[in-house]
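Fold and contact review
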Amino acid sequence: MERDSIIAASQKHDIVALPDGKLYTYGTAGFRMAADLLEGIAFRVGLLSALRSRKLSGQAIGVMITASHNPAKDNGVKIVDPMGDMLEQEWEVYATQLVNCPTHEALADTFFQLAEQLKVDLKSGAKVIAGRDTRPSGITLIQALSDACTATKTSFVDYKILTTPQLHYLTRCVNTEGTPSSYGEVSEVGYYKKINSAWERAMKNKKVNGSLTVDCANGVGGPKLNELLKYMDPSKTGLETKVVNDDVLKPEILNLDCGADFVKTRQRAPPNPKPVPGGRWCSLDGDADRLIYYWIDPETTQFFMFDGDRIATLAASFIADLFRTAGLDGELRIGVVQTAYANGASTKYVEQHLQLPVVCTPTGVKHLHHAACAFDIGVYFEANGHGTVLFSTDAVQTFEKKQPQSPAQKEALDTLRALADLINQTVGDAISDMLMVEVILAHKGWGLRDWAMTYQDLPNRLVRVEVGNKDLFQTTDAERKLSHPLGCQDEIDQCVKKYTNARSFARASGTENACRVYAEAATRSEADDLANKVAHIVKTYGGA
Ligand code: G16
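Residues numbered from 1 in each chain as written. Predicted model: local features only at pLDDT ≥ 70, side-chain atom pairs only at ≥ 80, totals over all residues. Heavy atoms only, no water.

**Overview of the domain arrangement of the protein chain**
- Per the domain assignment, the segments of the protein chain are domain 1 (3-161), domain 2 (191-305), domain 3 (308-429 + 448-452) and domain 4 (460-541).
- Computed from C-alpha coordinates alone, the two centres of domain 1 and domain 2 are separated by 33 Å.
- Contact residues are listed per partner, giving 11 residues for domain 1 and 15 residues for domain 2.
- Each partner contributes to the roughly 960 Å² buried at the junction of domain 1 and domain 2, and carbon and sulfur atoms together form 57% of this total.
- Counting across the interface, domain 1 meets domain 2 through 0 salt bridges.
- Joining domain 1 to domain 2, the criterion identifies 7 residue pairs in polar contact (both at pLDDT 80 or more).
- In the side of domain 1 that touches domain 2, the residues fall into 3 nonpolar, 5 polar and 3 charged. (Domains from an automatic or database assignment. Contact = heavy atoms within 4.5 Å. Buried area = accessible area lost by both parts, 1.4 Å probe. Salt bridge = Lys/Arg side-chain N within 4 Å of Asp/Glu carboxyl O. Polar contact = N/O pair within 3.5 Å; in protein donor to acceptor, adjacent residues only side chain to side chain. Nonpolar A, V, L, I, M, F, W, Y, C, P; charged D, E, K, R; others polar.)

Now the structure itself:
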């Protein structure tokens, strides 16, 4: 591998220096910012992936180009480890080191230094696979990534346009192909076939009640869901799906007034198409890894949102029921992983009603995924709809070995096995999560009204606050408290005390140039008022 080739390739993909000597950081979901800053970063991420693949004996590393819920002008680069989970956190530091090298020469030197420090054999083979969402800027970023692979003699496969979870799926498939733990056929078609077959097994003898309208945020989820639907036979399961907001030919309307982030933060349905009261609706985000359901009560016209907390409680209670029916309770441990954004009522419901343990981690699926692995069945969802259910190898083997003693036990075991295949085990996947929700509602014979009645959310508000310098805000206690700027947390605490059953916290976003403030309280007006007061405190401490 030649130093000169790396320098020459890097010269085609300059890095843009940030003002005031600021450094790029690997955020909640990789490097994410205005797309025109990302070309050099994508090249450098390619170098990092070439090192990581070699360090892991040539296993393929995935790179996803997406800015998910962010506006169309943004983009992002995110690295996926061989089993489809997020890049190991220790390596985020090396990624940051490479990305912040001031010159092409310094970059090449750092690349070789890292190889030495990490004992990477540069003569061995390496592989990177990549995918991108529908943002036009993705094309240039893929080219930069590909050039880094060529310069480091790393094999590169471009899977072109994919949802983020599809790229995670493919990464795991590539690395397990031909082994006993093969995750599936290494192709997009393989993904559709696997999901559809698991869906039909999970829905055996069950029928969906009523049609489902899916808002795809005008992102990659639209064409990919339409593709999956070609493999699905509605006559077998009764699932009639209407796909809306699936226009990917106008990049500027991506995530605009639609999608899961819109519904969650505005706490209302997208204006177009206007939801019909009583109908079952859901929204995906721009790269189809988040899911939010919603429903308008035809009697009261009240809007109900079923966010990540609701999906987690639905899944945990259903799986716990299946365990009891299958005679597995006591044998396997189910746990729920949430973040500080989880509604207090959902945490109480899981702990007190479902009698299951809850773990709280910082924001970012990388943290939740890790914590969920500690359980036999780890249900993890962020309130924003990003999450999945992880089945450990032990759990899957237990389902396989268990001899059913009755038809009911057999059905429960068959459903558990099907769910383990239906639910994407690599990362939150809105399409697979949506089918999981449909399976559960069909098995329970529930409409959305029944789901809404499981517990009552505490009124809450999420506010985005633009500040002079978001990096001033540092957190502790799984982001529930600020350690810096000094004095800010005390002011928030004093403020929270004035409201009933209230809670509030602030943190810097890892995907946007802003802080986020969350507040919940006994009434709508108290939650709104508290959120605004805390937002004001944050603004005051946030620098000019
Ligand atoms: C990403 C992460 C999520 C996180 C969200 C917001 O989602 O994958 O885990 O909750 O960003 O993060 P932050 O509050 O730090 O901006 P997505 O859907 O944008 O990839």
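**What about the site of the ligand?**
- Taken together, 19 residues form the shell around the ligand, and within it Thr28, His69, Glu382, Ser509 and Thr511 come nearest.
- One nitrogen or oxygen atom from the side chain of Glu382 is found 2.5 Å from an oxygen atom belonging to the ligand.
- One of the backbone nitrogen or oxygen atoms of Gly510 is found 2.6 Å away from an oxygen atom of the ligand.
- Surface burial for the ligand is 98%, taken as the share of its 470 Å² of free accessible area covered by protein chains.
- Looking at the shell around the ligand residue by residue, the classes come out as 2 nonpolar, 10 polar and 7 charged. (Near = heavy atom within 4 Å. Areas by Shrake-Rupley, 256 points an atom, 1.4 Å probe, with all protein chains shown as cover.)

**Description of the UniProt feature "active site" (unreviewed entry) in the protein chain**
- This chain's UniProt record puts "active site" (unreviewed entry) on Ser68.
- Mapped onto the elements, Ser68 comes out in the loop between strand E2 (60-65) and strand E3 (74-80).
- Sequence-distant contacts of Ser68, defined by excluding residues within four places in its chain, comprise Arg32, Asp133, Arg135, Asn255, Asp285, Gly286, Asp287 and Asp289. (UniProt positions renumbered as here; feature names shortened; annotations may be inferred. Helix = DSSP H or I, 4+ residues; strand = E, 2+ residues; numbered from the N terminus.)

**Points about unusual backbone geometry**
- A cis amide bond, omega -15 degrees, links Asn272 with the succeeding residue Pro273.
- As for its position among the elements, Pro273 is in the loop between helix H10 (260-266) and strand E8 (280-284).
- With an omega dihedral of -5 degrees, the bond running from His484 to Pro485 counts as a cis peptide bond.
- You will see that Ser68, though not glycine, has its phi angle at about 45 degrees, which is positive.
- Positioned with a positive phi, Gln355 is a non-glycine residue whose angle comes to about 60 degrees.
- In this structure, Gln355 sits in the loop between helix H12 (344-353) and strand E12 (358-361).

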